[in-house]
Amino acid sequence: MSDITNVVMPKWGLSMTTGRVTEWLVEEGEEVSAGDDLLEIDTDKIAGALESPAGGVLRRQIAELDEPVPVGATIALLAPAEVPEEEIDQAAKAAREQLEAGAVEESAGPEIGKVTVDGREIAYARMGSEGEHIVLVHGYGGDKNSWLFVQEPLSSSYLVDAIDLPGHGESTKDVGDGSLDVLAQAVTGYLAERGIERAHLVGHSLGGAVAIAAAAAAPAQVASLTLIAPAGVGPDINADYLRGFAQAQSRRELQPHLTALFADPSLATRQLADDLMKYKRLDGVDASLNALLATLLDGDRAGIEVAPLLSSTRVPVRVVWGEADAVVPISNAEGLADRADVTRVPDAGHMAHMEQPSAVVRAVTSAVEATPAQQPA
Amino acid sequence: MARMISYREAINEALALEMRRDPSVIVMGEDNAGGASAGSPGEEDAWGGVLGVTKGLYGEFPDRVLDTPISESAFIGAAVGAATAGLRPVAELMFIDFMGVCFDQIFNQAAKFRYMFGGKAVTPVVIRTMYGAGLRAAAQHSQVLYPLFTHIPGLKVVVPSNPYEAKGLLIQAIRDDDPVIFCEHKALYDMQGDVPEGAYVIPFGEANVVRDGDDVTIVALGRMVSYASEAAEELAGTGVDAEIIDPRTTSPLDTETIIESVERTGRLVVVDESNPRCSVARDISAIVAEEAFGALKAPIQVVTAPHTPVPFSDVLEDLYIPSTQDIVNAVKTATDWKR
Amino acid sequence: MTATATVRTQEGLSADKLRDAYRMMRTIREFEERLHTEFATGEIPGFVHLYAGEEASATGVCTHLDERDTIASTHRGHGHCIAKGVDVKGMMAEIYGKATGTCHGKGGSMHIADLAKGMLGANGIVGGGPPLICGTALAAKIQGTGGVSVAFFGDGASNQGTTLEAMNLASVWNLPAIFVAENNGYAESTASTWSVAADDIADRASGFGMPGVIVDGFDFFAVHEAAGEAIARARAGGGPTLIEVKFTRYFGHFEGDQQTYRADEVARAREELDCLKRFRARVTETGELSADDLDAIDAEIGQLVEESVVEAKAAPLPTEADLLTDVYINY
């Protein structure tokens, strides 16, 4: 039995309770390696491919196409070819019964909480139980749930916190003067408040600039940087998108702008627009988005310049950039080559961590592994 | 998020947040404080409205939560008058059925001021009222009368379907400068839902697409939204993919979202717990027939209560209220229809 | 002279105040008499209800009021509007249905309102106003402005549930509210001696825990004194008062009413009781104001009303675009 690996419905985001298999990418009997895409999953939020947790042969497809499957329930069975068919049948029967009975124990889920930094509440979601600390910092208008495809796989090896920056998610909506310093202090203050001596920072877009600023300001606290389409390393930025996002007052106004986020425009779903409007309609969000917009933009160019800060850091740096990024275009990556290991991702737009999460997971892992062990005090 | 609170708590929280934010917001109604504020010898804040929706507000805002005599004409009128004089009153008309004794103050006064006075009046009054069948409360405490208010120019009419919607729509109602009738389904008060702690607004006139689908558009209001969702799950098992639209407000009405959906699905089922004649269901049907006739692949189906008063006896009331099965059947009629 | 002057001072009415009061009553009278004539030409749409004969009521009450205070009126509302300071030319244009009217031609005679002046509207619904002024009084109380609110209503509305409920609520909430029952003897064509079951409307006050007083509605000074006492009490937190003002209206229920339901009591009232005549007699007798003073006001008002009619007739009508505006602030 121990040779059989149960492939289970992942928990992509805090609110996900069920998902559906919409397409099998691997047929029964086919051999796969760990990290290969096994199947396509659709949740009420987003669709994505599930990577194989191990190598072996896909022995059984347990879930039916389009059947609602609770998080943690078995979708498929992987095992080496030599595991006898009877054993697989037995495991498949048990899995199927469990699924039909709905008797899936709710996975523990992330630890959710808030800490107070500079008088602001900072919300976080922690996954994983051991290993190096990783902190995920979202971009403009995003929140900790945007890491849904990245946080879970990383949490099998690391202790991974996704946080909401001030003005975002469930954190306090006040952003002070909206400067990068306020946001960077929120990150370093978060580490201090949580008793994290040193963390690997992963930042997307504005969050990338925040991570760089945090690393420059508090080098002892930051072990490595993984930057996904970071803002402010070059001058190019899609000012129309940012303004459109900030100004949209309805789903109808917002939705057209969201297609700029993805290489595959079908990912800009009505549900995504609804969720973003839910956020934008919280009291205080308008003001914070406008304050941050003033930081992000100088006319139609980037209003922040973090390349010099990045040069001043000494930590390993990995950069992941979607080739189809229409918000912070990949042209900004020129000039980073001497400071960072840049991965250009085809078939990804600005949200590379949603469209090609495995590339981001690999980059983070690489950054962590490249970090020299901390000297004992 | 993931903070579950009830529809009742969501409404209470919206009131508390707005009263904290804006000192011009006041709350009034029968038993709204209920207790010492009205001179009773018992607990200070005994009731908080007949179903406890305003419970706790009097303790925090003793000068701005007012009990009233059972004089709906007087206090609904007073709320309207106070709204013209700089306050933002939220008056509770306990049961929507009681509009019969105070309708003049709503539809001849509040609704007309702005137009009749040449655009000079601002009347930001909210009238919260509970509606709907299901509590064995019979003919005078169970009606679904939002169509009557929807008919009146000058009023805005809100029909929230869950706790998240109730909070955001009520905050919008309080901040809105026009008179708003806020219709709370009494069978939803204990419904739990995920609601952010802070204040947020849901704008009027923007329908919520509750579920995406390509085969049929179900427009449902208030309590009927959950019924439609149940029906859609059942239909999904038979290969019918239903889109569900919750208009949230019947006035203004987001016809654009409804028509766009019908143009894609070609079929429309409207679910409205009110009586059928001159109902919101028939109004939406007529609008779609006028504006998207060419897109229709089947006759529009309407699921409503029958043209009767609400009966008392369990068995009769259960028959009276549109059911999930009624919705499934209506969808099947639409999808099976052949020219 | 000195002794008389002392009496006047005690009543709080300087010569200027007396002039203002006379001007107010004269404006109402001139406005209504002129409308009576103009309506007969057929140029005024709809129907109008004239306040002539009742001027001392609106004037006696409203001379105590200022910008903190709000009144609600009735279908017979021109007098209350003028007394609360609504622009006479705007009113005339409104009655002619013109774009320059107080309500841009959308309200008409029965719905003239000017909230900036504390005039919450003439009201086409009998008994519509009393609940509303409970609200404005509540707002004044909560906001601590010291403002009072006044509902004018007729003997007809004194039998409406809304009026009775509002009086009860005003007492229960201890509101700075004044209820002025203008008993002109007829609700439309029905005599108040028949429709009001009590001897006097004022008798009802005790049932709602408030003082009730009866005053001679042809006597400005009587109304002024009673209203002054009630308003001062309300401003001081002493709660509401019901004042019944008794008089006769000079014209029919509406213009065109042949008034076959009543004997010719109007001629006698005009001759013997008229508020303007009595006011003139009293102030000239005491020497407080001269006949010239009053004649000058008559001339001034004659001119104002003449201009208001000329301008209203010449004013533009609303346009098609106006049909759809101002239903909502946003929709």
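Residues numbered from 1 in each chain as written. Chains lettered and ligands numbered in written order. Predicted model: local features only at pLDDT ≥ 70, side-chain atom pairs only at ≥ 80, totals over all residues. Heavy atoms only, no water.

Per an unreviewed UniProt entry, chain C is named Thiamine pyrophosphate-dependent dehydrogenase E1 component subunit alpha, and its organism is Metallococcus carri.

Going by the annotation in an unreviewed UniProt entry, the name recorded for chain A is Acetoin dehydrogenase dihydrolipoyllysine-residue acetyltransferase subunit, with Metallococcus carri given as the source organism.

Caption draft 1: Quick peek at the nonpolar core. Counting residues in each nonpolar core, the largest one holds 235 residues, and the members touching the most others are Tyr140, Leu225 and Leu258 of chain A together with Phe179 of chain C. Residues Ala56, Ile71, Val148 and Ile178 of chain C belong to the second largest nonpolar core, which totals 66 residues. (Core = buried A, V, L, I, M, F, W, Y, C linked by side-chain atoms within 4.5 Å. Buried < 20%, exposed > 50% of the residue type's maximum accessible area, 1.4 Å probe, protein only.)

Caption draft 2: Quick peek at the interface of chain A and chain B. Between chain A and chain B, the residue contacts involve eleven residues of the former and 20 residues of the latter. Between chain A and chain B, roughly 1,400 Å² of surface is buried when both sides are summed, and carbon and sulfur atoms account for 37% of that area. Interface area lost by chain A to chain B is led by Arg252, Arg270 and Arg281 of chain A, which between them contribute 42%. Where chain A meets chain B, there are six salt bridges. In this structure, Arg281 of chain A engages Glu206 of chain B in a salt bridge whose closest nitrogen and oxygen atoms are separated by 2.9 Å. Across the contact surface, chain A and chain B share ten residue pairs in polar contact (both at pLDDT 80 or more). Residue assignment for the side of chain A that touches chain B shows that the elements contributing at least two residues are α6 (251-258) and α7 (270-280) of chain A. A class-by-class count of the residues in the side of chain A that touches chain B yields one nonpolar, two polar and eight charged. (Contact = heavy atoms within 4.5 Å. Buried area = accessible area lost by both parts, 1.4 Å probe. Salt bridge = Lys/Arg side-chain N within 4 Å of Asp/Glu carboxyl O. Polar contact = N/O pair within 3.5 Å; in protein donor to acceptor, adjacent residues only side chain to side chain. Helix = DSSP H or I, 4+ residues; strand = E, 2+ residues; numbered from the N terminus. Nonpolar A, V, L, I, M, F, W, Y, C, P; charged D, E, K, R; others polar.)

Caption draft 3: Highlighting the interface of chain B and chain C. Residue-level contacts link 45 residues of chain B with 39 residues of chain C. Carbon and sulfur atoms supply 64% of the area that chain B and chain C bury against each other, a total of about 3,300 Å² over both sides. In this structure, Arg114 of chain B and Asp326 of chain C form a salt bridge, with 4.0 Å as the shortest nitrogen-oxygen distance. Our enumeration of links across chain B and chain C arrives at 18 residue pairs in polar contact (both at pLDDT 80 or more). Going through the elements one at a time, β2 (25-29), β3 (65-67), α3 (72-84), α4 (103-110) and α5 (113-116) of chain B are the ones with two or more residues in the side of chain B that touches chain C. By residue number, the principal contributor to the side of chain B that touches chain C is α3 of chain B, which donates ten residues. By residue class, the composition of the side of chain B that touches chain C is 21 nonpolar, 14 polar and ten charged.

Caption draft 4: Representation of the sheet that holds strand β13 (residues 199-204) of chain A within the structure. Residue and element names in this part refer to chain A. Spatially, eight strands are ordered β9-β10-β12-β11-β13-β14-β17-β18 in an open sheet, and the strand pairing comes out mixed. At either margin of the open sheet sits one strand with a lone partner, and together these are β9 (111-117) and β18 (341-345). Sheet twist, expressed as the average angle between the axes of neighbouring strands with direction ignored, equals 20°. Contacting β9, β10 (120-127), β11 (133-137), β12 (159-163) and β13, helix α3 (residues 180-193) crosses the sheet at an angle of about 115° to β9. (Pairing = 2+ DSSP bridges. Axes fitted to C-alpha atoms, helices over the stretch in contact; angles between N-to-C directions.)

Caption draft 5: Representation of unusual backbone geometry. Here the bond from Ser251 of chain B into Pro252 of chain B is cis, since omega is 0°, no more than 30 degrees from zero. Its place among the elements puts Pro252 of chain B in the loop between β12 (249-251) and α9 (255-265). In this structure, Ala138 of chain B is a non-glycine residue whose phi angle is positive, near 65°. For Ala138 of chain B, the position within the fold is in the loop between β5 (126-131) and α6 (146-150). The backbone of Glu188 of chain C sits at a positive phi, close to 55°, despite the residue not being glycine. Inspection of the secondary structure assignment puts Glu188 of chain C in the loop between β4 (186-187) and β5 (190-191).

Caption draft 6: Representation of the domain arrangement of chain A within the structure. Residues and elements named next belong to chain A. In terms of domains, chain A is made up of domain 1 (5-101) and domain 2 (111-370). Each partner contributes residues to the interface: domain 1 has ten residues there, and domain 2 has 13 residues. Summing the contributions of domain 1 and of domain 2, the shared interface buries around 1,100 Å²; its carbon and sulfur component is 65%. Taken together, the links from domain 1 to domain 2 amount to zero salt bridges. Seen at the junction of domain 1 and domain 2, the total is one residue pair in polar contact (both at pLDDT 80 or more). Of the residues belonging to the side of domain 1 that touches domain 2, the class tally is five nonpolar, one polar and four charged. (Domains from an automatic or database assignment.)

Caption draft 7: Summary view of the pairing of strand β11 (residues 242-246) of chain B. All names here are of chain B. Taking burial as the measure, the five residues of β11 include five buried ones, the bulk of the element. On β11, burial covers both faces: Ala242, Ile244 and Asp246 on one face and Glu243 and Ile245 on the other are all buried. In the sheet, strand β9 (residues 208-211) pairs with β11 via three bridges, with the strands oriented antiparallel. By the bridge assignment, Arg211 is partnered in β11 with Ile244. With four bridges connecting them, strand β10 (residues 216-220) and β11 associate as parallel partners. Pairing of Val216 across the sheet is with Ala242, part of β11. On the question of chirality, the crossover connecting β10 to the parallel β11 by way of helix α8 (residues 224-236) is right-handed. (Right-handed = clockwise from strand over helix to strand, strands pointing away.)

Caption draft 8: Up close: a nonpolar patch on the surface. Residues and elements named next belong to chain B. A cluster of nonpolar residues, Val315, Leu316 and Leu319, forms a patch on the protein surface that exposes about 310 Å² of accessible area. Examined against the element boundaries, Val315 turns out to sit in helix α11 (residues 314-320). Using a relative accessible area of 53% as the deciding quantity, one classes Val315 as exposed. (Patch = residues over 30% accessible without salt bridge, like charges linked within 9 Å, V, L, I, M, F, W, Y side chains within 5 Å. Areas by Shrake-Rupley, 256 points an atom, 1.4 Å probe, with all protein chains shown as cover.)

Caption draft 9: Quick peek at the packing of aromatic side chains. All names here are of chain A. Inspection of the entire model under this criterion finds 17 aromatic pairs over all chains. For the pair Tyr241 and Phe245, a centre-to-centre distance of 6.1 Å together with 35° between the ring planes defines the contact as tilted. One end of the pair, Tyr241, and the other, Phe245, are both in helix α5 (residues 239-247), four residues apart, so they sit about a helical turn from each other. Accessibility classification places Tyr241 together with Phe245 in one group, the buried group. (Phe/Tyr/Trp six-rings, centres within 6.5 Å; stacked < 30°, edge-to-face > 60°.)

Caption draft 10: Representation of the layout of surface pockets in the model. Residues and elements named next belong to chain A. As a volume, the second largest pocket reaches approximately 670 Å³. Glu51, Ser52, Pro53, Pro153 and Ser156 are the residues nearest the centre of the second largest pocket, which is lined by 25 residues in total. When residues of the lining of the second largest pocket are traced back to their parent elements, those giving at least two are β1 (5-8), β5 (47-51), α2 (148-154) and α11 (357-370). By residue number, the principal contributor to the lining of the second largest pocket is α11, which donates five residues. Residue classes in the lining of the second largest pocket are distributed as 14 nonpolar, eight polar and three charged. Counting residues domain by domain, the lining of the second largest pocket receives three or more from each of domain 1 (5-101) and domain 2 (111-370). (1 Å grid on protein atoms, 1.4 Å probe; cavity = no way out; pocket = protein on both sides within 12 Å on 5 of 7 lines; lining within 4 Å. Points joined across faces, edges and corners; volume = space filled by probe spheres on them.)

Caption draft 11: The arrangement of the arrangement of the chains in detail. Contact analysis covers two pairs of chains in contact, and the most contacts occur between chains B and C. Regarding chain A and chain C, the two do not touch, and the least distance separating their C-alpha atoms is 14 Å.

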